[in-house]
Every structure is written in structure tokens, then in C-alpha cells.
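Remarks on the overall topology
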Amino acid sequence: MPSRRRTLLKVIILGDSGVGKTSLMNQYVNKKFSNQYKATIGADFLTKEVEFEDRLFTLQIWDTAGQERFQSLGVAFYRGADCCVLVYDVNVQKSFDNLNNWREEFLIQASPSDPENFPFIVLGNKVDVDGGNSRVVSEKKARAWCAAKGDIPYFETSAKEGINVEEAFQVIAKNALKNGEEEEIYLPDTIDVGSTSQQRASGCDC
Amino acid sequence: MASNSTSQPPSSDEEEEQEANSTVQKPNSNSIDNSLDAIENQLSSISFTSPIDETIAVVSAEYYHESVSEINDSSLNESYETVGEIRIDNNNSVGESSHASGSRVWMNNNVEVEVEAEVDGGLSSPSSSGYAGERGSSGGSVSSGSGTDVIREVRDNGESVGDDGVNTVDSVQAEWISGKRHADEDDASISWRKRKKHFFILSHSGKPIYSRYGDEHKLAGFSATLQAIISFVENGGDCVKLVRAGKHQVVFLVKGPIYLVCISCTEEPYESLRGQLELLYGQMILILTRSVDRCFEKNPKFDMTPLLGGTDAVFSSLIHLFSQNPATFLHAYTCLPLAYATRQAAGAILQDVADTGVVFAILMCKDKVVSLVGLQKSSLHPDDMLLLANFVMSSESFRTSESFSPICLPRYNPMAFLYAYVHYLDADTYLILLTASSQAFFHLKECRIRVETVLSKSNVLNEVQRSMSEGGLHIDRLPVDLSARSGSLFHQNQRRQPESVVGIIGGPAGLLHFIYRSIYLDQYVSSEFASPISSPSQQKRLYRAYQRLYASMHDKGIGPHKTQFRRDENYVLLCWVTQDFELYAAFDPLADKGAAIRICNRVCQWVKDVENEIFLLGASPFSW
């Protein structure tokens, strides 16, 4: 057995197709970037072990497809997520506008116990493109939206240049961890002594 | 009486066999009427058996009969070489779950292929370097395969490795190091992909809970893939049970928020693998109860891995039993052969303590029951006994001191804990006292001291040890001549019968081994292994053959059958099912059919003659 307890965190990455979800994950996990666009089909799964505040944990990253036709996979995919990463492309207005939909959809499908405090994080990706000249969503606007949704942490990233990727995932891990620490007590049932005579065996078919 | 006496060698034509499989009754063949008459005559003189008035059904090598709803909707005639692909919209899921390595020739008389493959590791896949460097791995195991103490499997190349790269070590000698094997592996490892049989437990959110091989956290991505497959099918309002991908079968079992998956290329029947998943789930319930379900209801992201901390060995040991212990598919338990008075003495003292508020008192020697007593009209299911015994034997800490541990008997009450007081009376013999009171430790300790005192005074413990070393039913002592019958095993044991001439292999008429399962008693008895079935790999092969036989006899789609006679290049297998018992017998592949049938009757007679000593009578858990 491992000498210290490890925690597994399920992290879901959501956002419109082409905003760079897979690239962010690849940059984070494999330190690699490819300019070629390959649409994710359904979902990709990657794991990364992280040490943080002297604790070991594993990020189980669910990189989902942005295309609408995959939305039917929803419930089962989102179930039990510890953190949700919302990604948009700072050069595409629509991808920012859709953040709201992604967030709502996630909350409906995953139905976390405490939706108000569920740990989201927003990443504005592709800040490197065209030296920032093609940018259409300002940082201010993005931060305002995040603030309005319960102070969601916000990062401006470039999967290509590796800007802020590591930092963003640090916060993802930290927030997911914080959120998960509340319920850790397992209280097993014990047979009520007095009622044992009612414990009829169910397995006997004789 | 109609019968079919063909005992053809295994055909390579799948469809032909399917056909043979479905034609269980072929009319008009008189060739073995004599022997069948002999059976009837013989049987009519045995009170507890019902005569075979049906046919001897000859089912050739192919047992496989799919009554399973499969993703690929395979029809009956479809050979199971067909690659069943589940197409989930995921670029890597299929590849992940069907990591076929090398292409081995797929034969239909699958039993031997499998074992060959197991013994030789990756004979026909030249790139089997994955096995290199895995010898001497940390897997120890409780050897509980029905009384055999054969220790070590030696591979052709001298390595001492089982099919899963695991050393098979006798429990006495084994230092149980850690249950987790090859923790450094993950789904990218070649060695991991080459493993013949994987077991996974995961949560409905895709978080890994247990993996037989490799580190659960490193396999988080793989675990997520499995969850995605299950959920994808679930979303369509369906439930995935089996996926075939090349020679691999992926078997799924959904238990509320817990998902269990087996990926196997051992060619075991689907029903068997599914049964193994059920037991694996039962083992988890035994440790935690089904209250874990509520944790998931409250909190879907609940991570239950910490709750199972330190129990890897329990699961690994259970998985090992799947190929070592027929109880895993017979759903029956077995008793240590003992003189009737000895078992009575043990039962009396157990009854004595049971009267003081103990729910169950169980005295066991390895995987065999010495005696067993219950307080109420409550039953102890054989599967619960198997899981309990496995839990006790695979947890090293029980050996070193008296223990008091909450456990759940899944077939008794899956929702709540009982408390088990466990104490080893000697290296192999242990007493389990189950109670509903968490405060009962000191009372049970007193009970144990009383039991221990009585058992050693009355010499029961010595008798147990003696039986353990001498074994019970030796096939070469099968009384062939009716006049040589004896009501007891134990004076036979003193001197071997003259029939057992040195040089003859196995028992009379080529009998190699048998298992007799009493239906009313929920107990089975198996003969001791003898040459040529002496190595663990040969025993495993035989158990797998029995397992197939069991699955085919109990196939709901085409069964139930009464008899089955099957010949392949390893064995002649004969199975006979009546209302009272099931008999599974293995003979030399050249054995004569008529003679084999006669011997089976002798075996049943023998079992009946000595039933006082090989079964726990009267005090059966189901007989209150």
C-alpha cells in the first residue's frame, strides 16, 4: 500500500470546439503542442500525478468533445466531477458567450450537491495568436463574468507557448481538493443487536 | 432409451459443434445400452439416486452457447472468433479495452489451448518480453485448492510463474508480502497488456477502486474509458454485459454505483466470468457493506479507495481462487474428511457456544469446514463462507493474534456488519465466531478458550491435522469390487488396497479425478489430486474444464442437461446431474465410455458409503 494517502480528482474540461481544450491538456500532461487541429471524438482521458502541499494526487482529466453532437454523453461523463474547467478562445466572441451555457449544462447534468460553490475555473486560451491583435474578448470582460458567477478563478493561457498552463492546473487541483475535503467520514452500518432475529437470509432458496 | 455414443475428438469446425451442442438427444443408438442398463440396475440399488432414464447426451467440444445479450448482437451461428467491437465515440477506448497482443491460434476445444498458452506464457507471440523480469514477483497466495499442497508451478523454461506471472506458493511457506502485483505497471506497459485476466472495480464516476494489476491511480484514464463505455450504453437505456474483441472478452457487471469489469483471454465462459465478478463484488461488500451505495448517493465523487486500504491481498487471493477452488463456481462448500465421531465432537462444542449468542460458529482448516453451527434459523450461504474464509486466510494479521473485525455477509445481510472473532488454533485451523454485538469480544474470547480446550482434549485438532496431511478420497482407493466396500475412509487409509498396483496412473478405468456436489447439503467433495494431474497448472486446467462443464450443464438457454460425455485430447469428462447430486469426473482421454460410466456409479456409491465422514450432515446450515 502507498505510504501516504493519495487523492484522485476528476477534472472535466468543457468549451466550444476548437478553443484548445485538448491542446491545453496536452501541454499540461505531455508538455507538447501541435498546431494541427484534431477534433476530439467523445472524450479523451489523461492522468497526471501532482504533488501539492506535501500530498500526492492524481488528476483524471476528462477532455470532452466540444461539438454539440456529443452532448448526449453528458450525465454519465460529468457525474462525480471534482472540478470543471471552462475554456474559451479569446479571439472568438461566440466561444466566450457560450461559457454560460457550458456552465449551466454542467450544473444540470452533474447536479453537484452544492452548485453555488462547485469549483469551476475559466481559461481564456490562445492569447498568443497574432500577438494579441485578433483578440475580441477583453480580460476585463472575462474577469467580470467570472466575478459574477461566484468568483471563478480566471487565467489567460496559451497552450502553444505554455503560458499559465501549469499555474492554472495548480489552482484546479487546489480548488478541487478543497471542495472534496468536507465529506470524508464513512459511518458503516452495524446490525442492530435486537433485530438480528429479523435478519432473514435472503440467499437461501431451500 | 436413446443415446449417442460418439465420442469424437474435438472438431475444428465451430458451427458443426454448435450443432452438436444443440442436438442433445439423438435417437436410436444401442451401442451403450448395456452400460446404461448397468447404470440403471446399479442406481436402483442406491437409494439416494434417481436412475438415469433419459439419454446420455453427447455434447462435443464446444460448450459455448451464448445466451447473453451482446453488443454486437451475435447470432447463434456466429463463431466467437468474431471481433465484437463496441464503437463508442472515443478515439481510444476500443483499442484500450482490446489490447490484443500477438495472434494465437484459436482452437475450439479451448481448454487445452488456454492452458498451453498459460504454461508457455507467450509462446506464439514472439514479443512476449513482457513476462521477462516478472518472476519472483510479490504475489503470494493462500493455497486453498481443495487440499492440495502442491507448491510451485515450473514453467518450461524453468521460471516459476503462473499464468498471471504469479508464483503459486503454499500458504504456510508464503510470506504474504503485498496483495498488489506489479504496481509499477499501467495501461501503457506491454506487460500489463499481456496479462491474461484483468479485474477492475470502479465507481460510476469513473474513479478507479481496484485493479488486479497495476496502480489504480495510474490507470485512472483507463478506468474513465471503462466508465465511458458503460455510460454510453446506459444512456441508450441499455446495459452492456459483454464485449468480444478478438480473443478478449470484456465482461461488465453494474452494481448500483459500483462497476466491475473483467478483461480476459482465458476463454472461460461468460457465465463463469460474470460469476467471478459477482464474487468480487461480494468480497467488497464483505469488507464494507452496501452502505457505500449511500455514500455515492450523497456524493457522486466519493472516492472509496481509502476505505479499502490494505485489502489488495484479499482481492488478489480471491481472484487466484477462481482457478484454484471449485467452490467459486460450484457455489458449495467442502468439508475436511473426518471420522463421524470427531466431527460430532467439534459440532457439539460449537453448538455449546452458539447457544450463548453467537450467530455462527465455524471451525475451518484452510478452505475446508470442520464443523459449523448457527444459532437461529438463519443460513450461511456457501458463497459467504468462501468469501469469509478467503478474507481470513488472505489477511496476514489474523494469523498472528486473535482478532475482532466487522465483516458483512453479503448473502445474509448485505446492508449491515456482523462482528467476527477470528483465532487460529494452529497453522491451518481457525475458529470464526460471528456475532451481532460489537461489545462481544471478551465473551467470544472466553468461548474460544472453551472451544480450544475441548478440541485439544478430545484430540480433534490432531485428527484435523492428520486428515489434512492424508487427504480424503484417493481415486486409487475407489472400491471397484462391491465386496470391498467399506463404510469408512479411515480404516481404508491404514492400508492401501491391493488394487492399487504401482505403475498404474490414476484410478480404475483411467479415472483421474472427480467432484461430487450434494445439492441438498450445498457441499461438494473432490478426490485428491494424483498423477498425472499433479502440478498446479494441470489442476487449474482441469478446474477450468469442470467450470466449462458446469456452465454448459447449467446453461439456462439449452439446459438443463442430465448427462454429458465429452472427449478431447486431455480428458474424457463425464458429468451427471440428478435431483440429488452433480458428479463431475475426469478420465484418461483414452478411457472406455462404458467403463467410465460404471466407475461413475462406483464413485457415487463410494461417496454414499462414506458420506458420514466427508459431509457435514444434519448440521447443514440449510437444515434448520
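Basis of the calculations
Residues numbered from 1 in each chain as written. Chains lettered and ligands numbered in written order. Predicted model: local features only at pLDDT ≥ 70, side-chain atom pairs only at ≥ 80, totals over all residues. Heavy atoms only, no water. Helix = DSSP H or I, 4+ residues; strand = E, 2+ residues; numbered from the N terminus. Buried < 20%, exposed > 50% of the residue type's maximum accessible area, 1.4 Å probe, protein only. Contact = heavy atoms within 4.5 Å. Areas by Shrake-Rupley, 256 points an atom, 1.4 Å probe, with all protein chains shown as cover. Pairing = 2+ DSSP bridges. Axes fitted to C-alpha atoms, helices over the stretch in contact; angles between N-to-C directions. Core = buried A, V, L, I, M, F, W, Y, C linked by side-chain atoms within 4.5 Å. Parallel < 35°, antiparallel > 145°, perpendicular 65-115°, else oblique. Left-handed = near helix turned anticlockwise from the far one by under 90°. Disulfide = S-S within 2.5 Å. Phe/Tyr/Trp six-rings, centres within 6.5 Å; stacked < 30°, edge-to-face > 60°. Lys NZ or Arg CZ within 6 Å of the ring centre and 35° of its normal. Domains from an automatic or database assignment. Buried area = accessible area lost by both parts, 1.4 Å probe. Salt bridge = Lys/Arg side-chain N within 4 Å of Asp/Glu carboxyl O. Polar contact = N/O pair within 3.5 Å; in protein donor to acceptor, adjacent residues only side chain to side chain. Nonpolar A, V, L, I, M, F, W, Y, C, P; charged D, E, K, R; others polar. UniProt positions renumbered as here; feature names shortened; annotations may be inferred.

**As for the overall build of chain A**
In terms of helices and strands, chain A carries six helices and six strands. Along chain A, helices (α) and strands (β) appear in the sequence β-α-β-β-α-β-α-α-β-α-β-α when read from the amino end. Counting all 206 residues of chain A, 51% fall into the buried class. Counted over contacts in chain A with a minimum sequence separation of 6, partners at least 24 positions apart contribute 74%. Within the structure as shown, chain A displays about 9,900 Å² of accessible surface, and the carbon and sulfur contribution to it stands at 47%.

**Concerning the sheet that holds strand S9 (residues 403-407) of chain B**
Strand pairing in a sheet relies on backbone hydrogen bonds. The paired strands run either parallel or antiparallel. Residue and element names in this part refer to chain B. Strands sit in the order S8-S7-S11-S10-S9 across an open sheet of five strands; the sheet is antiparallel. Of all strands in the sheet, those with a lone pairing partner are strand S8 (368-374) and S9, marking the two edges. Direction aside, the axes of adjacent strands within the sheet are offset by 20 degrees on average. Relative to strand S10 (residues 418-424), S9 runs antiparallel, the two sharing five bridges. Looking at S10, one finds that isoleucine 407 is bridged to leucine 418. Docked against the sheet, helix H11 (residues 340-354) engages strand S7 (360-365), S8 and strand S11 (429-435), running at close to 35 degrees with respect to S8. Running at roughly 120 degrees to S11, helix H12 (residues 382-394) makes contact with S7, S8, S9, S10 and S11 of the sheet.

**Re the nonpolar core**
All names here are of chain B. Ranked by internal contacts, the top residues of the largest apolar core, which has 87 residues, are Met284, Met304, Leu409, Leu434 and Tyr546. In terms of residue count, the dominant contributor to this core is helix H7 (residues 270-288) (eleven residues). Discounting residues that sit within four places of it in the chain, methionine 284 has contacts with Ile201, Ile258, Thr289, Val292, Met304, Leu308 and Phe315. Formed by 30 residues, the second largest nonpolar core is a distinct cluster that contains Ala585, Phe587, Ala591 and Ala596.

**A look at the packing of H11(B) against helix H14 (residues 441-457) of chain B**
Residues and elements named next belong to chain B. For the pair H11 and H14, interaxial distance at closest approach is 10 Å and the crossing angle is 165 degrees. If you check the angle between H11 and H14, you find them roughly antiparallel. Remark: the crossing between H11 and H14 carries right-handed chirality. Listed contacts from H14 to Ala346, Ile349, Leu350, Asp352 and Val353 of H11 are Cys447, Arg450, Val451, Val454 and Leu455.

**Points about the state of the cysteines**
Among covalent bonds in proteins, the disulfide is the one between the sulfur atoms of two cysteines. Residues and elements named next belong to chain B. Scanning the entire structure with this criterion turns up zero disulfides over all chains. The thiol of cysteine 262 is not disulfide-bonded; the next cysteine sulfur, from cysteine 265, is found 9.9 Å away. Note on cysteine 262: relative accessible area 0%, which makes it buried.

**Some points on the packing of aromatic side chains**
Within the structure shown, the criterion is met by 31 aromatic pairs over all chains. Their ring planes at 75 degrees and their centres at 5.5 Å tell us that A:Phe106 and A:Phe120 sit as a pair that is edge-to-face. One end of the pair, A:Phe106, is in helix H4 (residues 99-110); the other, A:Phe120, is in strand S5 (residues 120-125), with 14 residues separating them in the sequence. Overall, the relative accessible area of 3% leaves A:Phe120 in the buried class. Measuring from ring centre to ring centre gives 5.6 Å for B:Phe360 and B:Tyr412, while their planes differ by 75 degrees; the resulting arrangement is edge-to-face. Highlighted residues: B:Phe360 in strand S7 and B:Tyr412 in the loop between S9 and S10, separated in sequence by 52 residues. Pair check on accessibility: B:Phe360 and B:Tyr412 agree, each one buried. Cluster of aromatic residues (ring-pair linked, three or more members): B:Phe404, B:Tyr419, B:Tyr421, B:Phe441 and B:Phe442. Lying across the ring of A:Tyr28, A:Lys48 places its NZ or CZ 4.7 Å from the centre. For B:Arg195, the ring lying beneath its charged end belongs to B:Tyr213, and the centroid distance is 4.7 Å.

**Regarding the domain arrangement of chain B**
Residue and element names in this part refer to chain B. For chain B, the assigned domains are domain 1 (190-322), domain 2 (333-470) and domain 3 (475-492 + 503-614). Each of domain 2 and domain 3 was reduced to a C-alpha centroid, and the two centroids are 29 Å apart. Counting residues at the interface gives twelve residues for domain 2, matched by eleven residues for domain 3. Interface of domain 2 and domain 3: buried area, both sides summed, is about 1,000 Å²; carbon and sulfur atoms make up 50% of it. Linking domain 2 with domain 3 are zero salt bridges, by the criterion used here. Viewed at the interface, domain 3 and domain 2 are joined by six residue pairs in polar contact (both at pLDDT 80 or more). Every element with two or more residues in the side of domain 2 that touches domain 3 is listed here: strand S6 (333-334) and H11.

**Things to note about unusual backbone geometry**
Residues B:Ser531 and B:Pro532 are joined by a peptide bond in cis, for which omega reads 5 degrees. The topology assignment puts B:Pro532 in the loop between strand S13 (523-526) and helix H16 (536-553). With a phi close to 55 degrees, A:Asp130 is a non-glycine residue in the positive phi region. Turning to its location among the elements, A:Asp130 is positioned in the loop between S5 and helix H5 (139-148). Non-glycine residue B:Lys366 carries a positive phi angle of around 50 degrees. By secondary structure assignment, the location of B:Lys366 is in the loop between S7 and S8.

**Points about the environment of A:Asn133**
Residues and elements named next belong to chain A. Relative to the helices and strands, asparagine 133 is located in the loop between S5 and H5. Judged by its relative accessible area of 65%, asparagine 133 falls in the exposed class. Each C-alpha atom of the pair asparagine 133 and asparagine 91 lies 8.9 Å from the other, and the pair is 42 residues apart in sequence.

**Comments concerning the packing of H7(B) against helix H9 (residues 312-321) of chain B**
Residue and element names in this part refer to chain B. Viewed as axis vectors pointing N to C, H7 and H9 meet at an angle of 150 degrees, and their least axial separation amounts to 10 Å. As judged from the angle between their axes, H7 and H9 are roughly antiparallel. In the crossing of H7 with H9, the sense of the turn from one axis to the other is right-handed. The segment H7 lies against H9, with Leu279, Leu280, Gln283, Met284 and Ile287 engaging Val314, Phe315, Leu318 and Ile319. Per-class residue counts for the contact of H7 with H9 are eight nonpolar, one polar and no charged.

**What about the UniProt feature "domain: FUZ/MON1/HPS1 first Longin" (unreviewed entry) in chain B?**
Under the present numbering, the feature "domain: FUZ/MON1/HPS1 first Longin" (unreviewed entry) in UniProt falls on residues 197-318 of chain B. Here residues 197-318 of chain B is 40% helix and 25% strand, with 13 Å between the C-alpha atoms at its ends.

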